[in-house]
Amino acid sequence: MKIGIDQLHVYTPSLYLDLKDLAKARQVDPDKYTIGIGQDRMGINPITQDTVSMAANAAFPLINARNASEIDMIILATESGTDYSKSGATYLHDLLAIQPFARAIEVKQACYSGTAGIMMAYDYVSNHPDRKVLVVASDIARYGLGTAGEVTQGAGAVAMIISQNPRVLTLNNDSVPYTFHNFDFWRPNYAKNALVDGKYSNQAYIDAFQKTWHEHQRRHHTTLDALAAVCFHLPYSKMGKKALTTILDEESDTTNRLLTRYEKSVQYTRQIGNIYTGSLYLGFASLLDLDESLNAGETIGFFSYGSGSVAEFFTGELVENYRHHLYTSDHEKMLSQRYPLTIEEYETTFLESLPEDGSSVALSHPQDKAVIQLAAMDQHRRIYQIYDKVEQ
């Protein structure tokens, strides 16, 4: 039975900050951002977009009356959820009009949980081959104004439908997970911004990649020559390359191919920033949209990493005519129509917050044109609204 990604769609909010402007404001050489870590723009969420609304906007184009009746599970992967108890997936179930006899859960393990959701979906479809699972990875990366991690912030979501006979990627059921308890990155319940040991986190990421890659080689006799490309979790666009180059011994056709396609896979991250649980799949979408040299039947490697830490290496095979089922033009349009913030607007937006005393407030943002928005707060309840695509 062939099971994998039938569709995937990316969403990022309509605001961004040019990192050259941030560099100037922070009195940093712009090359440190644009070349050193490989980031150009940072996706910013207005107050009308949170992890639930972004997830819903990512999934909205994928859902129709037919597959809404075939989806048995909604999995929301996030580390910036809106509630300690109520799953954000229950909102998605309602907003997307999924059939009522479905599971709706939220999963967490730093940036890894999008992969956990896909593996759970794979197992479910294996036992229920005529049914589907919606997996959405949605996050807002926050480190604080003026912090070392500020430049790697971002916001966005990637939605994927997992099914039998997928139209984009067949998963090879060869995953190698790896868990190691550490404190490279974490966010206590009382903290609004993440804590990170940057240098140690980079090394933990590379160590986890090497362990899962070598174990995958041992179990499945995998070779670099067999991989058309490798997609990585991307907290910033240079991170995956640091890991990849540790297993590339010399210049060769394979090395050149993997590095060239790596650059294709990081282009969306350069424009959006870190989206935590969705970052690996943002890279995959970027690769598919921008690299027309890929062919059906070729194998893609995936390295997933979530601080704390859990990692996984697995592979998938591109499906015949996969390009017919991509949302390339939607993604290009979304990125090209965003509104550039000034530093003052960015800092004001960053510090804007929702009421915590149960008071009622209507929410809006003049530049938010998304179909689904957080429209109000009322007695500690989040109220979401589905708007017309043009008029609001």
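The structure reproduced in this document is the subject of the present report. (Residues numbered from 1 in each chain as written. Predicted model: local features only at pLDDT ≥ 70, side-chain atom pairs only at ≥ 80, totals over all residues. Heavy atoms only, no water.)

**Re the packing of helix 9 (residues 253-265) against helix 11 (residues 279-290)**
The criterion, for reference: Only the stretch in contact is used when fitting a helix axis, every axis being a line fitted to C-alpha atoms; angles between N-to-C directions are given from 0 to 180 degrees. The secondary structure listing takes helices from DSSP runs of H or I that are at least 4 residues long and strands from runs of E that are at least 2 residues long, numbered from the N terminus. By definition in this entry, angles of less than 35 degrees are roughly parallel, angles greater than 145 are roughly antiparallel, angles of 65 to 115 are roughly perpendicular, and the rest are oblique. Contacts between residues were defined by any pair of non-hydrogen atoms, one from each residue, lying within 4.5 Å. Following the grouping adopted for this structure description, the nonpolar residues are Ala, Val, Leu, Ile, Met, Phe, Trp, Tyr, Cys and Pro, the charged ones are Asp, Glu, Lys and Arg, and the polar ones are all others, Gly among them.
Where helix 9 contacts helix 11, the axes come no closer than 7 Å and their chain directions differ by 105°. Compared by their axis directions, helix 9 and helix 11 come out roughly perpendicular. Residues Arg 261, Lys 264 and Ser 265 of helix 9 form the contact with helix 11, whose own contacting residues are Gly 283, Ser 286, Leu 287 and Leu 290. Broken down by class, the residue content of the contact of helix 9 with helix 11 amounts to two nonpolar, three polar and two charged.

**Here's the deal with the sheet that holds strand 16 (residues 361-362)**
Consider a sheet: its strands pair through backbone hydrogen bonds, and that pairing is either parallel or antiparallel. In plain terms, the rule: Strands are treated as partners if at least two bridges between them are detected by DSSP.
Taken together, the three strands give an open sheet; going across it, the order is 16-17-18, and neighbouring strands pair in antiparallel fashion. Both edges of this open sheet fall to strand 16 and strand 18 (381-386), since each of them pairs with a single strand only. As paired elements, strand 16 and strand 17 (residues 372-378) share two bridges and run antiparallel to each other. Bridge assignment links Val 361 to a residue of strand 17, and that residue is Met 377.

**What to know about the packing of helix 3 (residues 51-59) against helix 5 (residues 88-95)**
Each pair of packed helices can be summarised by the angle the axes make with each other and by the distance between the axes. Where we set the bar: Crossings are classed by handedness, with left-handed meaning an anticlockwise turn of the near helix from the far one by less than a right angle and right-handed meaning a clockwise turn.
Between helix 3 and helix 5, whose axes approach to 9 Å, the crossing angle comes to 40°. Relative to helix 5, the element helix 3 is oriented oblique. Crossing of helix 3 against helix 5: the hand is right-handed. Contact residues: Val 52, Ala 55 and Ala 56 in helix 3; Gly 88, Tyr 91, Leu 92 and Leu 95 in helix 5. Across the contact of helix 3 with helix 5, the residue classes tally to six nonpolar, one polar and no charged.

**Side note on the sheet that holds strand 15 (residues 339-340)**
Taken in spatial order, the three strands line up as 3-2-15 in an open sheet, and their pairing is mixed. Edge positions in the sheet fall to strand 3 (41-44) and strand 15, since each has one partner strand and no second. The pairing of strand 2 (residues 15-18) with strand 15 spans two bridges and is classified as parallel. When the bridges of strand 15 are listed, Leu 15 appears paired with Tyr 339.

**Brief notes about the pairing of strand 4 (residues 71-77)**
Applicable threshold: Three labels apply to residues, based on accessible area from a 1.4 Å probe with only protein chains included: buried if under 20% of the type maximum, exposed if over 50%, partly exposed otherwise in between. For crossovers, right-handed means that the path from the first strand over the helix to the second runs clockwise, given strands pointing away from the viewer.
In terms of burial, strand 4 is a largely internal element, seven of the seven residues being buried. Where strand 4 lies against strand 6 (residues 132-141), six bridges are found, and the strand directions are parallel. Following the sheet pairing, Ile 71 is matched in strand 6 by Lys 132. Looking at chain direction, strand 4 and strand 5 (residues 103-107) are connected through five bridges and run parallel. Across the sheet, the residue bridging to Ile 75 is Ile 105, located in strand 5. Regarding the hand of the β-α-β motif, the stretch spanning strand 4, helix 5 and strand 5 is right-handed.

**Concerning helix 5**
So the rule is basically this: Distance and chemistry together define a polar contact, namely a pair of N or O atoms within 3.5 Å, with one atom able to donate a hydrogen and the other to accept it when in protein, and with adjacent residues in sequence counting only for side-chain atoms on both sides.
Of all eight residues making up helix 5, six are buried, and the element is well covered by its neighbours. Along helix 5, the residues that are buried comprise Gly 88, Ala 89, Tyr 91, Leu 92, His 93 and Leu 95. N-cap assignment for helix 5: the residue whose side-chain oxygen lies 2.9 Å from the backbone N of Ala 89 is Ser 87. Positioned one or two residues after helix 5, Ala 97 has a phi angle of 55°, which is positive.

**Notes on the packing of aromatic side chains**
Here is the rule: Each Phe, Tyr or Trp ring (for Trp, its six-membered ring) is paired with any other whose centre lies within 6.5 Å, and the angle between the two planes then decides the class: stacked below 30 degrees, edge-to-face above 60, tilted in between. Each ring is checked for a lysine NZ or an arginine CZ that lies within 6 Å of its centre and within 35 degrees of its normal; such an atom marks a charge sitting over the ring.
Tallied over the full model, the rule gives 17 aromatic pairs. Ring centres of Phe 303 and Tyr 305 lie 6.4 Å apart, and the angle between their planes is 25°; on these two criteria the pair is classed as stacked. Each member of the pair, Phe 303 as well as Tyr 305, carries the same accessibility label: buried. Among the aromatic residues, ring-to-ring pairing joins Tyr 205, Phe 209, Trp 213, Phe 232, Tyr 262, Phe 303, Tyr 305 and Phe 313 into one connected group. Lys 86 extends its terminal NZ or CZ atom over the ring of Tyr 91, reaching a point 4.8 Å from the ring centre.

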